[in-house]
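Structural overview
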Amino acid sequence: MKQIAILLLCLMIVWPDSVSAHPGSLDELGGHFRNSDCTYVLHEPTALAKQAKTKVELVKLIQTYNSNERCKRKLTPERIDLDGHALGGKDNAVSLRLGRTYKATLTQCIDGDTAKFRVNGRVYTTRFLFIDTPESTIEIEPYGKEASRFTCSRLQKGKVVLETDGNTLFDRYHRLLAWVWVDGRLLQEDLAKAGLVEDFYDYGRYKYESRVRKALEEAKRNGIGMYGERSVAKHEQARSKTKREGATNTAPQTESETEPTDRAPSRKQETAAFERSGLPLLYPLLGAAAAVAVYWLVRQLRR
């Protein structure tokens, strides 16, 4: 019984370090390493980070204040993504507010429901409010490429205005949440009309919810896009295959997946983001191995 107590104590000592190493948390500079390629992304620069006038100076601060030893060994100025911020406290971006509209310039189209826009001199990775289109980046889902082409074509040809809404400006992945207007048309509504929206992430009340829902119902009635008879059968077959594969290789859920209040995207996207952050089982395994090592050391000292 005493030996079990010692082992549990070791686990309690080691486990917090494992949890705190989750790649989604920000360090004292307001950034974190992306574990997939060890790029340091400066999401929300603090006063400490703004002391750096160059990326070389920022590297020194990261080496001091970030705890990711593996990625710090690979860190160079080229591996720093400022995420649209300027160094030296010269960020000219005006703070965004809820319930406002902002003229935006497209800098990168990512997929059907995500893009990067420059607003007030700063680049924001933007998650389109309320809608969830099929995947076309990490995994390819039926109609994912079609949704991506639809969105990118519209954004590249029209004048863009972003409208903030709801209770928060950003999701847990530090992406701006906004309605997207292109030449006066609501992009989310047009995607729904084209049958390229598969789900909603409805964790609050949004201004144009009813318009988008009505557009999707119309697409379903008329069998448009992924809601055509053949498309539905193909889509269900693909999802069934994914579920079968997932049953033999499931990834653990993070605690954040149970907290819908800050309006993260769909659970499917959260799981994909967690999986691509790099080896989700690594930290628990390292913690268990360390606990066993400490337990063995205690046993040796008692002899």
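Note that the coordinates shown come from a computational prediction; the quantities given were computed from them, not determined experimentally. Residue positions within a chain follow its written sequence, with the count starting from 1. In view of the model being predicted, local features appear only for residues whose pLDDT reaches at least 70, and side-chain atom pairs are presented and counted only at 80 or more, with totals across whole chains, interfaces and linings using the full set of residues. The side-chain figures draw on all heavy atoms in the structure; neither hydrogens nor water molecules are used.

**Here we look at the sheet that holds strand E3 (residues 80–81)**
- The criterion for strand pairing is that DSSP finds at least two bridges linking the strands in question. A run of H or I in DSSP counts as a helix once it spans at least four residues, and a run of E counts as a strand once it spans at least two, with each numbered from the N terminus. Strands sit in the order E1-E2-E3 across an open sheet of three strands; the sheet is mixed. Strands at the two margins of the open sheet, each flanked by one partner only, are strand E1 (31–34) and E3.
- Judged from the four bridges that link them, E1 and strand E2 (residues 39–42) form a sheet pairing that is antiparallel. Opposite His 32, over in E2, you have Val 41 as the bridge partner.

**Digging into the packing of aromatic side chains**
- Aromatic rings from Phe, Tyr and Trp, taking only the six-membered ring of Trp, are treated as a pair when their centres fall within 6.5 Å; an angle between ring planes under 30 degrees marks them as stacked, one over 60 as edge-to-face, and anything in between as tilted. Going through the model one piece at a time under the given rule, you end up with eight aromatic pairs.
- Ring centres 4.4 Å apart and planes at 10 degrees place the aromatic pair Phe 130 and Phe 200 in the stacked group. Of the two residues, Phe 130 sits in the loop between strand E6 (122–128) and strand E7 (131–132) while Phe 200 sits in strand E11 (residues 199–200), which places them 70 residues apart along the sequence. Each member of the pair, Phe 130 as well as Phe 200, carries the same accessibility label: buried.
- One aromatic cluster is present, formed by Phe 130, Trp 179, Trp 181, Phe 200, Tyr 206 and Tyr 208 through successive ring pairs. Each residue gets one of three labels from its accessible area relative to the maximum for its type: buried under 20%, exposed over 50%, partly exposed in between, using a 1.4 Å probe on protein chains only.

**What about the confidence of the model for the protein chain?**
- The predicted model of the protein chain averages 78 in pLDDT, with 70% of residues at 70 or higher.
- Contacts from residues 13–23, a stretch scored under 50 in pLDDT, to residues over four places away or in other chains number 15 contacts.
- Note that residues 245–280 has pLDDT below 50 and, in this model, 63 contacts with residues that lie over four places away or in other chains. The pLDDT value tells you how sure the predictor is about a given residue, anywhere from 0 up to 100. Contacts are assigned to residue pairs that have any heavy atoms within 4.5 Å of one another.

**Looking at the pattern of salt bridges**
- One speaks of a salt bridge when a side-chain nitrogen belonging to Lys or Arg is within 4 Å of a carboxyl oxygen belonging to Asp or Glu. In the structure shown here, the tally under the stated rule is eleven salt bridges.
- A salt bridge links Arg 34 to Asp 37; the nearest nitrogen and oxygen atoms lie 2.9 Å apart.
- For Arg 34, a relative accessible area of 35% translates into the label partly exposed.
- Residues Arg 205 and Glu 209 are paired through a salt bridge, measuring 3.3 Å at the closest nitrogen-oxygen approach.
- Judged by its relative accessible area of 68%, Arg 205 falls in the exposed class.
- Via salt bridges that share partners, Asp 113, Arg 127 and Asp 132 belong to a single interconnected network.

**What to know about empty space enclosed by the protein**
- Here the term cavity refers to a set of points on a 1 Å grid, laid over the protein atoms alone, in which a 1.4 Å probe fits but cannot get out; the term pocket refers to an open set having protein on both sides within 12 Å along at least five of seven lines, with lining residues being those that place an atom within 4 Å of a point. Grid points are joined across faces, edges and corners, and a volume is the space filled by probe spheres set on the points. Here the structure, examined in full by the defined rule, presents one cavity of 30 Å³ or more.
- Taken as a whole, the largest cavity spans an internal volume of roughly 30 Å³.
- What lines the largest cavity is Leu 42, Pro 45, Ala 49, Lys 50, His 85, Ala 86 and Leu 87.

**Considering the environment of Leu 75**
- By the secondary structure assignment, Leu 75 is in the loop between helix H3 (69–72) and E3.
- Judged by its relative accessible area of 9%, Leu 75 is buried.
- Taking the C-alpha atoms as reference points, Leu 75 and Thr 39, separated by 36 residues in sequence, lie 7.6 Å from one another.
- With residues near it in sequence (within four places) discarded, Leu 75 still touches Phe 33, Tyr 40, Val 59, Ile 62, Gln 63 and Ile 80.

**Re helix H2 (residues 55–65)**
- All buried positions along H2 are accounted for by Leu 58, Val 59, Leu 61 and Ile 62. Down the axis, H2 shows its buried residues gathered within 165 degrees of arc, on one side only. Facing away from the buried side of H2 by more than 90 degrees, the exposed set consists of Lys 60 and Thr 64.
- Buried residues along H2 sit in contact with E1, E2, H3 and E3. Directions drawn from the helix axis to the C-beta atoms are what define this arc.

**Topic: the side chain of Asp 27**
- Inspection of the secondary structure puts Asp 27 in the loop between helix H1 (2–20) and E1.
- When charges are counted, Lys and Arg are positive and Asp and Glu negative, with His and the chain ends excluded. Here Asp 27 occupies a buried position and makes no salt bridge, while the nearest side chain of opposite charge, Lys 72, is found at 8.9 Å.
- In protein, a polar contact means a hydrogen-donor-capable atom and an acceptor-capable atom, both N or O and within 3.5 Å, with residues adjacent in sequence counting only if both atoms are side-chain atoms; elsewhere, any N or O pair within 3.5 Å suffices. A distance of 2.8 Å separates the side chain of Asp 27 from the side chain of Asn 66, its partner in a polar contact.
- Ignoring anything within four residues of it in the chain, the contact list for Asp 27 reads Tyr 40, Tyr 65 and Asn 66.

**Here we look at unusual backbone geometry**
- The backbone of Tyr 143 shows a phi angle near 70 degrees, a positive value even though the residue is not glycine.
- Within the chain, His 174 stands out as a residue other than glycine whose phi angle is a positive 65 degrees.
- The class of His 174 is buried, set by a relative accessible area of 17%.

**Here we look at the pairing of strand E4 (residues 101–111)**
- As judged from the four bridges shared by E4 and strand E8 (residues 160–163), these two strands associate in the antiparallel manner. The partner of Thr 101 across the bridge, within E8, is Glu 163.
- By the bridge criterion, five bridges tie E4 to strand E5 (residues 114–119) in an arrangement that is antiparallel. The residue bridging Asp 111 from the neighbouring strand is Thr 114, located in E5.
- Here E4 folds back onto E5, and the loop between the two strands holds two residues.

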